[in-house]
Amino acid sequence: SSDRDNGDSKGSGSTGTFVFGAAGDPASLDPSLASDGESFRITRQVFETLIDHKSGTSEMEGGLADTWESNDAGTEWTFNLRDGVTFHDGSDLTGEVVCANFDRWYNWTGTYQNTTLSYYWQTIFGGFANNENEETPDPNYVGCTAPDDLTAVIEVAEPSANYPGGFSLAAFGIHSGPALEAYAADEASGEGDAITFPGYSQEAGTVVGSGPFRATGWNKGNGEVTLERFDDYWGDKAGVEKLVFQTIPEESARRQALQSGDIHGYDLVAPADVKTLSDAGFQVPTRDVFNIFYLAFTQDSHPALENPEVRTAVAHALDRQNLVDSQLPEGGVVATQFMPDTVEGYSQNVTTYDYDPELAQQLLADSGEEDLTFTFCYPTEVTRPYMPSPADLYELLRADLEAVGITVQPKALKWNPDYTEVTRDGGCNLYLLGWTGDFNDGYNFLGTWFAGYQKEWGFENQDLFDLLERASTEPDVDARTALYEEANEFVMDFLPGVPISSSPPSIAFSADVNPPTVSPLTQEKFSEASFK
Amino acid sequence: MSTKTTKIDRLAELTAQRESTAGASLWTEALRRLRSSKMALIGGVIIAVFIVLAIIGPWIAPHNPILQWRGEVFLNQNIFVGSRSENWLGLDHLGRDQFSRMLVGARQTLLVGIVATLLGFTAGALIGGLSGAALAFGGKIGRRIDTVVMRFIDMVLALPSLLLAVSIAAILGQSLTTVMIAVGVAQIPIFARLLRGSMLAQSNSDYVLAARSLGVRRRRIVTAHVLPNSLGPVIVQSTLALATAIIEAAALSYLGLGNPDAAQPEWGVMLVQAQPYFDHAPMMALYPALGIIITALGFTLLGEAMREALDPKLRS
Amino acid sequence: MSMPPEPPLLSVEDLTVTFTGRGRTDVRAVSGVSFDVARGQVTGLVGESGCGKSVTSLALMGLLPKKGVTVGGRAAFEGTDLLGLRREQLRDLRGSKLAMIFQDPLSSLNPVIPIGLQVTEILTRHRGLRGEAARKEAAALLERVGIPDPTRRLKEYPHQLSGGMRQRALIAMAVACAPQLLIADEPTTALDVTIQAQILELLKELVDQQGTALLMITHDMGVVAGLCDRVNVLYAGKVVEAAERRPLFAAPTHPYAHGLLGSIPRLDAPRGEPLNPIRGSISDTIAWSDGCAFAPRCDFYSEQCLNGTPQLTEPHSAGHQVRCVHPVAATGKEGADR
Amino acid sequence: MLRLIVRRLLQLIPTLAGLSVLLFLWLNRLPGGPTAALLGERATEADRRQIEAALGLDQPVLVQYGRFLRRLVSLDLGTSVQTGRPVWEEFTTRFPATVELGLTALLIAVVVGIPLGYLAAARRGTWLDVGAVSGSLLGICIPVFFLAFLLKAVFAVNLGWLPSVGRQSNDINATEVTGFRVLDGILTGEFDASWDAITHLILPSLALASIPLAIIVRMTRASVLEVLSEDYVRTAESKGLKRQVVRARHVLRNALLPVVTTIGLLTGQLLSGAVLTESVFAFNGIGNFLRTAIDGRDYPVLMGFIMFIALLYVVINLLVDLAYSLIDPRVRVH
Amino acid sequence: MSLLELDDVKVHFPVKRGILFDRTVGHVYAVDGVSLSVTAGQTYGLVGESGCGKTTLGRAVLRLNDITSGSVVFDGTDLAQLPEEEMRRARRRLQMVFQDPLGSLNPRQNIESILAEGMAAHGIGADRNERRERIKEILTRVGLPHSALSRYPHEFSGGQRQRIGIARALVLEPDVIICDEPVSALDVSIQAQVINLLEELQESLGLTYLVIAHDLAVVRHISDVIGVMYLGALVEEAPSDALYAEPRHPYTRALMSAVPVPDPEVEDRRERILLRGDLPSPANPPAGCRFHTRCPWRQPTRCDTERPELTDTGDGHRVACHYAAQIADGSLRPTSELAPPVLVDVEAGPPAGDGEEDEPAATVPS
Ligand SMILES: Nc1ncnc2c1ncn2[C@@H]1O[C@H](COP(=O)(O)OP(=O)(O)OP(=O)(O)O)[C@@H](O)[C@H]1O
Ligand SMILES: Nc1ncnc2c1ncn2[C@@H]1O[C@H](COP(=O)(O)OP(=O)(O)OP(=O)(O)O)[C@@H](O)[C@H]1O
Ligand SMILES: [Mg+2]
Ligand SMILES: [Mg+2]
């Protein structure tokens, strides 16, 4: 039996150590320098953002700011800060501290301006006070003022669909004032062969947030980050004394570690393990879906793909229901558009493409494109929340395509960097990819793909590009939602790719813990966790 | 007179048994010893079965190895349909016939082993042979050439072979060919060293000296005398290398560099794919695992038996 | 010469050794060898390569492998049958009462252990000497066999000694416990003539001084002529002729022994005469049970030679035994050269 | 002796120089290049150019190699592309794990392998011999990763006796001194930490030991068989020595000589195995890291680590040779 | 008329050692100045202890070893100066028979192929059949059945293998055959067969032999002239009978007295001259007379410092000893050190010497 046979000694009451199995090491303990999920999972427990999400949903709620509002133009965002928030170093949260954070990011120079270090800043706020590289976008951030101790006003140049959602991104967690000063002593460097993260981001001690946990240790030899409960936390105190994130790269190793009682939980459970684990008494709560998995066409890589009939035929050829039923965990659904139904802007009226191989064959025959051969890329050695086992999913889709007479040339590539690079450069006719939303706004999905010409899609469709541009700059939420619905319908008629499914990324916990509420954004708050 | 002849006949008869082995070359002798070895017998039978399967497997496979029985396998409910009458060994996680995949996989596995070993053997023997020949008969320049080549081989040897294979696979991208090349290249240094060492030993032997004193040309001494006599250990090694190749190919698959084409199932890939389902479908992993282990064992047994048979020290 | 008055030290009777390998036909390496070794005397065992000399000596020492070998017959050593002893009993005898020296002095010494330890270990085993006492005794032994500067040599390794010295060291070990029987299996074959002469001289010395009986195994008739008191000539695993040294060389009676002596180039013989070789080679043989194993190479054979194993007879003089139905007539020394 | 060491160390220089050229050329052939790893999923061409310029990858190969050499000589190995941390630091944090794992595996292989090989030879043809030989052949034929998986399934998951991942339990607050966990615990007196580290070592080192163990068993067996037929063993027997003395002093000692050499050569094998074992057991060592470095085109790490490994390999084999010459007087230098 | 003439031939093997690159740190003086001449149709025998350079000298004649200096004049041409390819062709007329009959035959070649090898190399015989005829002829000559053609070396007995070795040399119709210990690996009874065969062949084919052996009796039996080698140099050379009748060099005397004779009468009467110690290492030969460290007649100073030349003492008897004449006429007696029971004083070495001569060739680190 795989029940835990021990653990009581370390796990009872609120004093134990909660160990969570992570798939990789974090890149940085300073969230503003990170862009990967493993880092954010950790920093989210240590830092808080102005805007937070309601536990278990993608709905925004007050974070460090109780409330917030913007002017009508959507260019001035006022945050009314929570009273009584102290940082781990004992300093208080004030409007000035918030501004100091934003100004720090805005005034970054040198290596910090590299996308490796400031990806999210550049995505949400554009460039810097002094752009050192002509490719860096113009800054959209204008400035921050603190009219009083508990207010911060952030001004941006242009309205954008990124606001206010962007303020909830883990990358913009607020650091304590003294910590910011300490950072300055330790600069990032970028000469030589690679970019070196600044020293403070590589060890616990300097970074200071206001979250329920303090970062107290990063043992690289063990691949462990240790967090400890922050007893002066303004909200509900954490349920466990110590929280450890232990890196276990292999998926089956994580499962075995949970089964053998070495860890108390891990993320990205393979679909096949969900039932095994829950049958064995483990807790496998299901998240709401907030992602999309799709088959993309790179239209200018193959003339036939520019033919809408061919694209339609492919859509009809795919037995997406079978894929969802057989390969995805409970809660997976067939996708009708490039957006899960939880996102504002989801349309009920998109064109749908049922599984109909005869029709597909018919369409192919009609289009005059017979004996089609496509290169079909898929990644190996990777598990994404939307794509639990790429090779297997590929195998199912390939069988479908071949069933309607399309010849498939498989191309398996390592996820990083080969796959991302090759697909981005338009090196495949067909490929598999997906996206998990950062926050609940349609642009975070549609805008990512269809805001302009991209080699990975290989098409020019000015109407679509304009539509999204309009939606992006529309400050009114309802109007924006309507535009997204329109865009979704447009996209599904145009069919630049076939959305396949949304699947709930599974997370598993041992029986003896009260797990945190799972979040569709995969933003679990581990302060909610405790031992039974 | 006549009585004397009969006596001689009688003597000839009595001493005749000794002559019966006339015309047996060293290889024939080795083969005879091999035949009486139990290890060789077991290994040989395993390999024979494996080779037959590899050759006829794809034809006798009852199903297309990529044909999916849809609606039978539901990962999220741990449903794997067991052995139904048409699927003797059950289905895999995508609903494909496990038995057919094992049969077709035998061929792929053998192919990887043979081609990789052939590659390692050929390239290694070429490098080792040239180096050995240069050292033994090339005078001063030859010694230099040998030094350089062997330093090079030593450098490669200092790298863990799996890392070498992994990086070659990374350069070439994933395919069956890649696996074969990666595994084969990683074996080059061993073959090169072995052949060179063996040639060096042979080139100091008396019969090489004898050939030189006959005025035989150097090239012929190398090709007709030194080389054939040096091949024994290399051939033994190649049998063992076949086993290693099969296992290394499996390791590459494990590291995600195996042949991704499902139409060419290979036991290593199958094993790796099956591992996640081990808890509720252990057979899915056990079949390919046993396939690999038994086959590798077959080659290892034969190789070891050959080593013993060819070892002059153990000759009776 | 006549038989020694007292009972022999070692009396080998009908010793047979058969190798039985898996999947191979049995090899009868020694088939019924009988001979005696008298106290204080040198007994020779001569014969060509492969005739069973080494196997005989190993069988006496109990050094043949356990598996795949069948040993038959008796070897009474001071009244006890060596072949019937348990292994542990044999171990007690070996090195103390029975000792042996081998042909190749280099490979017979453990290359990674200093000479000193290799000598002292036998002293520890059989004479209970340890530490300094053992070392002193070992040095004295080395000194006695003619190794100069023995204390230094004790610390050296076999490869640091020359061939002659290695053989001396081996002899020192063999005589460490003043054995009653010393078996020397071709002790000089690997050595040069000048060194051989030294070693033979040393062995003679030891026999004279200690009263040790020496069983000298060799293929060199010259060595036999100079050293042995009694000689046994072996052919294909059987003694074909046994005699005191002088009678044997004066009148070799078995055609094989006769032929052997005729085929050796002699330093003192007049030059220019062709040698008289024996036909064929030692592998041209028939089983003793069918007849005389030497028959295929013999100039004198007849149908009678093939009527079963010929018996040992004493056709010319007492104590001169010959296993032949057509013994060569005694013609004196000249006859042997013909 | 000193001469030999100096000589061998000097011979290293051309080897390492050659290796650096080889590595450099070879790594340059890897497609993608380090930039791709640095860039996120949605970076632009411009981002790439920027990074390439920052890293100096837009310069000619020769210039890049020159720079690499200069840094190598000054022992500055650069920074890992994947983690942004200095290569040297990455190496030192991970090296102890691999050494600990490798040594334990080697220890198991030696401590079990030599007696087993010896017994198999001494009892040639018995069931023990047959068992040891076929067991060791089997050990070579089981893919390491599968064996590791099975070991975990049985001992960690089913029986719950041993931990399945990592180097130490998370609730152990061990003081770090050398990075070698077992040693640290002993040095600081935190014996429970040592013990905990040992329990974490057992399964991975068993998996890793499978092949070396098999090799050592067969090596020892063959070597003992050969020594048993040596003349000097016969001499020892003829001296009437006790059987134990003959075995220990005359047989085993000589039989171990070739085994010692093999142990040196096994280091390469161990590193190969470590690549697999470390990832299965989430053991944070260099094997695991190297593998991700290859995937991620982490040039600086690859260069630095592989140079170290090569150095290590050569040094270990040098040590083995020295050990050999200590045991075998014949190769001693006067 | 001398067919083969060696003049001051030296073969020194470099001893290499070094930190990074191998340096030559010394030499093994394997052959150190040997001059001799072999008359056509005769047999020249070369004896000496193991390691004294016999094999090296034999190989030097065929240039299987590099010759350090000196000349090897064969039929008017100096082989030492010949370019590689011409030397290869010259080997047709100079052949060799080796000590180890099995080791010198390629185990994977059958007899026909072994014997045809040299013919192919020198373009003898137009085609396979012609060669085979010739091979059969030779096989008959050396007393092997024609059925041997398709058999392999390991299927023959030692004596037969040596016959094959001889046949291999004979097919090329050489003028000179160098026999390096042709019988020492054979049993006594077989040895005689091979010796007889060699003699027969010489008679019928008019061959010239250079026979190398350590067995003085064998050498004396077949040679017309004998050279005695000690530590890389000839110490005495004389017609066979003369050498036996009157050995003039102390080493030859000792050697002669050490050879056992299969005759108890002789053995019992014999007076032995036992030498002390072993052959010194050729890497570090003693100064002066090379034999002085073991010589019972050694005289102070001169023997230790001055190397005696090989000088003719009449009747083609050449000796390299300062005191050969005195020893011969009995005016010089062996020094007391030799006094018979030899047990104690085995190690060589004058009191002044360092006694390193017993050092066997040390294993040189690679
Ligand atoms: N282990 C063995 N297995 C099978 N046959 C053996 C074995 N040892 C010896 N023989 C055979 O026994 C016979 C006698 O061998 P032995 O070694 O006694 O000969 P020998 O007279 O000592 O010869 P040599 O002079 O060469 O030492 C040979 O024919 C040999 O082939
Ligand atoms: N290739 C070589 N390199 C270095 N030294 C050598 C080489 N060949 C021979 N020698 C040395 O030269 C000396 C003479 O050797 P050689 O083989 O000529 O002696 P030999 O008289 O034939 O002895 P044996 O009777 O043992 O055959 C020996 O000390 C030997 O170690
Ligand atoms: Mg013998
Ligand atoms: Mg020689």
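Everything numeric here is computed off the predicted structure, so don't read it as measured data.

**Considerations on the overall build of chain A**
Each helix and strand counted, chain A has 15 helices and 20 strands in total. Computed over C-alpha atoms, the radius of gyration of chain A comes to 24 Å, within 12% of the 24 Å expected from 2.2 N^0.38 for 532 residues, which places it in the range of a compact globule. Dimensions of chain A, computed from C-alpha atoms along their principal axes, come out at roughly 70 × 60 × 50 Å. With 532 residues in all, chain A has 65% of them scored as buried. Taking the intrachain contacts of chain A between residues at least 6 apart in sequence as the baseline, contacts between residues at least 24 apart amount to 68%.

**Focus on unusual backbone geometry**
Backbone torsion omega between Tyr163(A) and Pro164(A) reads 5°, so that peptide bond is classified as cis. Relative to the assigned elements, Pro164(A) resides in the loop between strand S7 (151-156) and helix H5 (177-184). Positive phi is not limited to glycine here, since Asp149(C) has a value of about 50°. Within the secondary structure layout, Asp149(C) lies in the loop between helix H4 (131-144) and helix H5 (150-155). Despite not being glycine, Glu181(E) shows a phi value in the positive range, around 50°. With respect to the helices, strands and loops of the structure, Glu181(E) is situated in the loop between strand S7 (176-180) and helix H6 (188-205).

**What about the nonpolar core?**
Formed by 132 residues in total, the largest nonpolar core has its most connected members in Leu252(B), Phe299(B), Leu19(D) and Phe305(D). Examining the composition of this core, we find that 13 residues originate from one element, helix H11 (residues 282-310) of chain B, more than from any other. Structurally, this core is a two-domain feature, drawing no fewer than three residues from each of domain 1 (1-74) and domain 2 (91-227 + 258-331) of chain D. Once residues lying within four places of it in the same chain are set aside, the contact partners of Leu252(B) are Ala165(B), Val166(B), Val179(B), Ala182(B), Val183(B), Leu257(B) and Gly258(B).

**Quick look at the packing of aromatic side chains**
Tallied over the full model, the rule gives 64 aromatic pairs over all chains. Every member of this aromatic cluster is reached through a ring pair, and the members are Trp77(A), Phe79(A), Phe102(A), Trp105(A), Tyr106(A), Trp121(A), Phe125(A), Tyr141(A), Tyr163(A), Phe167(A) and Phe172(A). Note that Arg107(B) overlies the ring of Trp59(B), its terminal NZ or CZ placed 5.4 Å from the centroid. The ring of Tyr323(E) carries the charged tip of Arg302(E) above its face, separated from the ring centre by 5.9 Å.

**Brief notes about the packing of helix H4 (residues 98-137) of chain B against helix H9 (residues 218-254) of chain B**
Residues and elements named next belong to chain B. The interhelical angle for the contact between H4 and H9, taken along N-to-C directions, is 145°, at an axis separation of 8 Å. Crossing hand, H4 versus H9: right-handed. Contacts from Thr 109, Val 112, Gly 113, Ile 114, Ala 116, Thr 117, Phe 121, Ala 133 and Phe 137 of H4 reach H9 at Arg 218, Ile 221, Val 222, Val 226, Val 234, Ser 238, Ala 241, Leu 242, Ala 245, Ile 246 and Ala 249. When grouped by side-chain class, the residues that make up the contact of H4 with H9 number 15 nonpolar, 4 polar and 1 charged.

**As for the site of ligand 1**
All names here are of chain C. Close to ligand 1 lie Phe 19, Ala 29, Glu 48, Ser 49, Gly 50, Cys 51, Gly 52, Lys 53, Ser 54, Val 55 and Glu 186, which account for all nearby residues. One of the side-chain nitrogen or oxygen atoms of Ser 49 is found 2.6 Å away from an oxygen atom of ligand 1. A distance of 2.9 Å is found between an oxygen atom of ligand 1 and a side-chain nitrogen or oxygen belonging to Glu 186. Alone, ligand 1 offers 630 Å² of accessible surface; in the complex the protein occludes 62% of this. Among the elements that line the shell around ligand 1, the one with the most residues is helix H1 (residues 53-61), at 3 residues. Classifying every residue of the shell around ligand 1 gives 4 nonpolar, 4 polar and 3 charged.

**Here's the deal with the interface of chain E and chain C**
Across the boundary between the two partners, chain E contributes 53 residues, which contact 59 residues of chain C. Both faces combined, the contact of chain E with chain C buries some 4,600 Å², and carbon together with sulfur accounts for 58% of it. Two residues, Asp268(E) and Arg245(C), come together in a salt bridge whose shortest N-O distance is 2.9 Å. Applying the counting rule to chain E against chain C returns 14 residue pairs in polar contact (both at pLDDT 80 or more).

**Quick look at the site of ligand 2**
All names here are of chain E. Around ligand 2, a shell composed of 13 residues is seen, among which Ser 50, Gly 51, Lys 54, Thr 55 and Thr 56 lie nearest. Between ligand 2 and Cys 52, the relevant distance is 3.2 Å, taken from an oxygen atom to a main-chain nitrogen or oxygen of the residue. At 2.3 Å, a side-chain N or O of Thr 56 approaches an oxygen atom of ligand 2. Protein contacts shield 64% of the accessible area of ligand 2, which totals 630 Å² for the unbound molecule. Of all the secondary structure elements, the ones that give two or more residues to the shell around ligand 2 are strand S2 (23-39) and helix H1 (54-61). Across the shell around ligand 2, the residue classes break down as 5 nonpolar, 5 polar and 3 charged.

**A short note on the pairing of strand S12 (residues 291-297) of chain A**
All names here are of chain A. Along S12, 7 of the 7 residues are buried, which leaves the element largely enclosed by surrounding structure. Residues Asn 291, Phe 293, Leu 295 and Phe 297 point to one face of S12 and Ile 292, Tyr 294 and Ala 296 to the other, with burial holding for every one of them. Strand direction decides the pairing type here: S12 and strand S16 (residues 430-436), joined by 7 bridges, are antiparallel. Its bridge partner being in S16, Ala 296 is matched across the sheet by Tyr 431. Note that S12 and strand S17 (residues 497-502) share 4 bridges and pair antiparallel. Residue pairing across strands places Phe 293 opposite Ser 501, the latter belonging to S17.

**Points about a negative patch on the surface**
Among the surface-exposed residues, Asp83(A), Asp92(A), Glu96(A), Asp148(A) and Asp149(A) lie close enough to one another that they form a single negatively charged patch. Here Asp83(A) shows up in the loop between strand S5 (76-81) and helix H3 (95-106).

**What about the pairing of strand S4 (residues 65-70) of chain A?**
Residues and elements named next belong to chain A. Note that S4 and S5 share 5 bridges and pair antiparallel. Of the residues in S5, the one forming a bridge with Ser 70 is Trp 77. Turn length for the S4-S5 hairpin, with the two strands adjacent in sequence and antiparallel, is 5 residues, and the turn residue Gly 74 shows positive phi of about 70°.

**Side note on the UniProt feature "transmembrane region" (unreviewed entry) in chain B**
All names here are of chain B. When the UniProt feature table is mapped to this numbering, "transmembrane region" (unreviewed entry) covers residues 40-61, 110-137, 149-172, 178-195, 226-247 and 285-306. Between the C-alpha atoms that bound residues 178-195 the distance is 25 Å, and the span itself is 100% helix and 0% strand. Taken end to end, residues 226-247 is 100% helix and 0% strand, and its two terminal C-alpha atoms sit 32 Å from one another.

**Re the interface of chain A and chain B**
For interface size, the figure often reported is the accessible area lost on association. Between chain A and chain B, the contact holds 31 residues from the first and 25 residues from the second. Taking both partners together, chain A and chain B bury about 2,300 Å²; carbon and sulfur atoms supply 43% of that area. On the surface where chain A and chain B come into contact, there are 2 salt bridges. Ionic pairing is found between Arg255(A) and Asp279(B), a salt bridge with its closest N-O pair at 3.0 Å. Put simply, chain A and chain B have 3 residue pairs in polar contact (both at pLDDT 80 or more) between them. At the level of elements, helix H6 (251-259), helix H7 (271-279), helix H9 (320-327), strand S14 (373-380), helix H11 (390-403) and strand S15 (407-414) of chain A are the ones that each hand at least two residues to the side of chain A that touches chain B. Top element by residues in the side of chain A that touches chain B is H11(A). It accounts for 7 residues.

Thresholds, definitions, all that
Residues numbered from 1 in each chain as written. Chains lettered and ligands numbered in written order. Predicted model: local features only at pLDDT ≥ 70, side-chain atom pairs only at ≥ 80, totals over all residues. Heavy atoms only, no water. Helix = DSSP H or I, 4+ residues; strand = E, 2+ residues; numbered from the N terminus. Rg over C-alpha atoms; globule rule 2.2 N^0.38 Å. Buried < 20%, exposed > 50% of the residue type's maximum accessible area, 1.4 Å probe, protein only. Contact = heavy atoms within 4.5 Å. Core = buried A, V, L, I, M, F, W, Y, C linked by side-chain atoms within 4.5 Å. Domains from an automatic or database assignment. Phe/Tyr/Trp six-rings, centres within 6.5 Å; stacked < 30°, edge-to-face > 60°. Lys NZ or Arg CZ within 6 Å of the ring centre and 35° of its normal. Axes fitted to C-alpha atoms, helices over the stretch in contact; angles between N-to-C directions. Left-handed = near helix turned anticlockwise from the far one by under 90°. Nonpolar A, V, L, I, M, F, W, Y, C, P; charged D, E, K, R; others polar. Near = heavy atom within 4 Å. Polar contact = N/O pair within 3.5 Å; in protein donor to acceptor, adjacent residues only side chain to side chain. Areas by Shrake-Rupley, 256 points an atom, 1.4 Å probe, with all protein chains shown as cover. Buried area = accessible area lost by both parts, 1.4 Å probe. Salt bridge = Lys/Arg side-chain N within 4 Å of Asp/Glu carboxyl O. Pairing = 2+ DSSP bridges. Patch = residues over 30% accessible without salt bridge, like charges linked within 9 Å, V, L, I, M, F, W, Y side chains within 5 Å. Lys, Arg positive; Asp, Glu negative; His and termini not counted. Charge placed at Lys NZ, Arg CZ, Asp CG, Glu CD. UniProt positions renumbered as here; feature names shortened; annotations may be inferred.

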